[in-house]
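# Coordinate analysis (summary)
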Amino acid sequence: MKLTQELAVYFQQRFHSEYPLFLEAFSEPAPTSIRLNPTKSDSSEEVDSVPWAEHGHYLAKRPSFTLDPRFHAGAYYVQEASSMFLEEVCKQVLPLDNDLNVLDLCAAPGGKSTHLLSLLSQESLLVANEVIRSRANILVENIAKWGRHNAIVSNNDPRDFQLLEGFFDVILVDAPCSGEGMFRKDPKAMREWSPSHVQLCVDRQRRILMDVWAALKPGGHLIYSTCTYNPKENEENLAWFLTQVEATTLDLSLPAAWGVQDIRYQNIHGYGLYPHRLKGEGLFMSVLRKEEGKAWHPPKRKKGQPYFDKPHKDVIQQVAHWLKRPEELHMIQINDQLTALSAPAVRKMESLYRYLRVRYGGVALAEVKRKDIRPAHALALYTGLEQESLSVHEVEREEALTFLRKKPWPLALPKGWHLISYQSLGLGWVKGVPGRINNYYPQHWRIRM
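This report concerns the structure included in the present document. (Residues numbered from 1 in each chain as written. Predicted model: local features only at pLDDT ≥ 70, side-chain atom pairs only at ≥ 80, totals over all residues. Heavy atoms only, no water.)

## Some thoughts on helix H1 (residues 5–15)
- For H1, the set of buried residues is Leu7, Ala8, Tyr10, Phe11, Arg14 and Phe15. Burial along H1 is one-sided: seen end-on, the buried residues are contained in an arc of 165°. Across H1 from its buried face, at more than 90 degrees, point the exposed residues Gln5 and Gln13.
- Its buried side turned inward, H1 meets helix H2 (19–26) and helix H7 (187–192). (Buried < 20%, exposed > 50% of the residue type's maximum accessible area, 1.4 Å probe, protein only. Helix = DSSP H or I, 4+ residues; strand = E, 2+ residues; numbered from the N terminus. Arc of directions from axis to C-beta. Contact = heavy atoms within 4.5 Å.)

Set out below in C-alpha cells:
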C-alpha cells in the first residue's frame, strides 16, 4: 500500500534517517500474533514468542480464527504484538500480587482488558469500560470468553468516573487516536488521516485525561497509550497534561535487543514501538504516577439494606455444585439473572453498580424463573466451572462448528442440560427435551461463515 504525498512528507519528517527502513517495513505484510489465555491454554510447544509478553506468540500465517472452536472458547485472543507491551509496563510498575482496582477506560474490543485479567490477582477488580454501546456488546463477549469472575463491563463516558474519586489504583487510557500505527493493517484509517483529524484527536485525548484523573487514587498509576506515532497525541499531549495536574512519568528498564524507542520530551518519558525496529505495529506508551488527590471513601450502606438481591437458598445450593470453589464467591440476583462475584469485592461492586451503567459483572451463572434454572452461556466459558458435576459432551471440530453456527444438534442426547466441550474447553449448552435437542448458543454470537 502506498502512502499519500502528504503522509510521505509527514513520515519523512517524523522518522528522518530511519524513513527508508520505515517505508520498507510499511510495504511488508503485518505480522499475525495471538496471546494465550493461561487458564485455558498450554504454551509449552515451540513457537515464535513475543519478547515482552509471556503468553504472546507470532504465527507463521494467519489462519481462519472464525473456524477455530478454541478461539470461541476463549483459549486465546488475537492481538497485535506491540499492544502486548502493556505486560512489561505492568510487571515493572505495578504490585500485581496485590488487591488492585483497575480501570481500562477505552476497552473495546477487549484485547488489553483480557490481558490485564491474565496479569492481575484473582482478588483484584477490573472495570472494562466502553462509551459506545455497540462496542460495549463486543467487549462483554470477549470478557465472558476469558472466563474470569473479577471483572465488570460498563458503558460510561469518562466524566462519569468522577463520581468514583480516588477509587482506582490503576487507570489504563488506550486513547482513541489518528491510528497512524495501524495504517498497514487498516487502510481506512490512512484515508481518514489529516492534520485537522490529528488535532481533533488531541483535543479528545485531553478531555478524556482530565475527566478521568479524579478517579485515580493518590500514588496510583495512569498508563497512557495510543496506536499512533504522532508526538502531538503522545509526548506533547502528556507534557501539556502535566501542566494541569501533579504527576510524574516513570522510567522502564528494557533490553536494547527489543528495539523499543526511548522517547524523552521535556519532563515526559515514553516508549515507542515501530514496525521497522521490531515485529509489530506502531504504539506509544507512558506511565504517570499521581502525586496528590483524594482517597476513595465508599458511601455508607444502611444496615439491613444490601444493594444486591440475595438469591433463594435453594437456588444457591442447586448452582453451587456447578462451581469448583463456590465458597470464594458471593451470589447475587439482578432480576432473573444469577451472578457470582468475588466475595471480597462485593462492597466495591456495590459502588460500581450504583454509579455506573454496568452491562455485565462477575460471571453470569444462570437465569432463574421460578423453579426453572437455565445455566448461562458465560458459565460454560468460566474457568471456575466444575465439569465433573455436569453432563459433558466432548465433540470433534465439525460437531463444534455445527454447534457454534447454532444449527440443530444432530446427535441424540438424554433429557436435560449438557455442556458441549471441545478439547476440554466449554463452548456452551444444549438441552435434551422430548423429540429434539435445543441449541442454546447465543444467537448474536453464532458463526455466520
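Next comes the rest of the account.
## Let's talk about unusual backbone geometry
- With an omega of 5°, the peptide bond between Ala108 and Pro109 qualifies as cis.
- By secondary structure assignment, the location of Pro109 is in the loop between strand E5 (101–104) and helix H5 (111–119).
- The phi torsion at Lys406 lies on the positive side, around 60°, for a residue other than glycine.
- A positive phi angle is found at Gln423, which is not glycine, with a value near 50°.
- Considering the arrangement of structural elements, one finds Gln423 in the loop between strand E20 (416–422) and strand E21 (425–433).

## Some points on the nonpolar core
- In terms of nonpolar packing, the biggest core is built from 92 residues, with Trp52, Phe85, Ile223 and Leu365 touching the most fellow members.
- Those residues within four positions of Ile223 in sequence are excluded, and the remaining contacts are Leu86, Val89, Cys90, Val170, Ile171, Leu172, Val173, Met285, Ser286 and Val287.
- Judged by nonpolar contacts, the second largest core, of 58 residues, contains Tyr19, Leu164, Met190 and Leu288. (Core = buried A, V, L, I, M, F, W, Y, C linked by side-chain atoms within 4.5 Å.)

## Examining the environment of Ser82
- Considering the arrangement of structural elements, one finds Ser82 in the loop between strand E4 (76–78) and helix H4 (86–93).
- Residue Ser82 is classed as buried on the basis of its relative accessible area of 0%.
- Ser82 sits 323 residues away from Arg405 along the chain, and the two C-alpha atoms are 32 Å apart.
- For Ser82, the contacting residues outside a window of four places in its chain are Trp52, Leu273, Leu278, Gly280, Glu281 and Leu283.

## Regarding the state of the cysteines
- Per the counting criterion, the structure on display carries zero disulfides.
- Counting only cysteine sulfurs, Cys227 is the nearest neighbor of Cys177, a cysteine outside any disulfide, at a range of 3.4 Å. (Disulfide = S-S within 2.5 Å.)

## A few points about the pattern of salt bridges
- Counted under the stated rule, the structure contains 21 salt bridges.
- Taking the shortest distance from any N to any O, the salt bridge between Glu54 and Lys91 comes out at 3.8 Å. One end of the pair, Glu54, is in the loop between strand E2 (48–49) and strand E3 (56–59); the other, Lys91, is in helix H4, and 37 residues separate them in sequence.
- On the accessibility criterion, Lys91 (44% relative accessible area) is partly exposed.
- Notably, a salt bridge pairs Arg184 with Glu281, separated by 2.3 Å at the nearest N-O pair. Of this pair, Arg184 sits in the loop between strand E8 (168–174) and H7 while Glu281 is found in the loop between strand E12 (268–273) and strand E13 (283–290), placing the two residues 97 residues apart along the sequence.
- Look at Arg184 and you get buried, because its relative accessible area is 15%.
- Classification of Glu281 by relative accessible area gives buried; the value is 2%. (Salt bridge = Lys/Arg side-chain N within 4 Å of Asp/Glu carboxyl O.)

## What to know about the packing of H4 against H5
- Across the interface, H4 lies against H5 with an axial gap of 10 Å and an inter-helix angle of 40°. Between H4 and H5 the crossing geometry is right-handed. In this structure, H4 uses Leu86, Glu87, Cys90 and Lys91 to contact H5, whose residues at the interface are Lys112, His115, Leu116 and Leu119.
- Here the contact of H4 with H5 is composed, by residue class, of four nonpolar, one polar and three charged. (Axes fitted to C-alpha atoms, helices over the stretch in contact; angles between N-to-C directions. Left-handed = near helix turned anticlockwise from the far one by under 90°. Nonpolar A, V, L, I, M, F, W, Y, C, P; charged D, E, K, R; others polar.)

## Some details on the side chain of His269
- Residue placement: His269 occurs in strand E12.
- Only 2.5 Å separates the side chain of His269 from the side chain of Asp251, close enough to count as a polar contact.
- Each residue touching His269, except ones within four places of it in the same chain, is listed here: Thr249, Leu250, Asp251, Ile263, Arg264 and Ser286. (Polar contact = N/O pair within 3.5 Å; in protein donor to acceptor, adjacent residues only side chain to side chain.)

## Comments concerning the packing of H5 against helix H6 (residues 133–146)
- The contact between H5 and H6 brings their axes to 10 Å, and the two run at 25°. It follows that H5 is roughly parallel to H6 by the angle criterion. In this structure, H5 meets H6 at a crossing whose hand is right-handed. In this structure, H5 uses Ser113, Thr114, Leu117 and Ser118 to contact H6, whose residues at the interface are Leu139, Asn142, Ile143 and Trp146. (Parallel < 35°, antiparallel > 145°, perpendicular 65-115°, else oblique.)

## Quick word on the environment of Thr228
- Structurally, Thr228 is set in the loop between strand E9 (216–226) and helix H9 (235–241).
- Along the backbone, Thr228 and Glu281 are 53 residues apart, and their C-alpha atoms lie at a distance of 9.4 Å.
- Dropping the residues within four chain positions of it, Thr228 is found in contact with Cys177, Ser178, Gly179, Glu180, Gly181, Glu233, Asn234 and Phe284.
- In this structure the side chain of Thr228 is engaged in a polar contact, spanning 3.2 Å, whose partner is the side chain of Glu180.

## Some points on the packing of aromatic side chains
- Applying the stated rule across the entire model yields 26 aromatic pairs.
- Centre to centre, the rings of Trp213 and Phe241 are 5.2 Å apart; their planes meet at 90°, and the pair counts as edge-to-face. Within this pair, whereas Trp213 is found in the loop between helix H8 (195–212) and E9, its partner Phe241 is found in helix H9, the two being separated by 28 residues in sequence. In terms of burial, Trp213 and Phe241 fall into one category: buried. (Phe/Tyr/Trp six-rings, centres within 6.5 Å; stacked < 30°, edge-to-face > 60°.)

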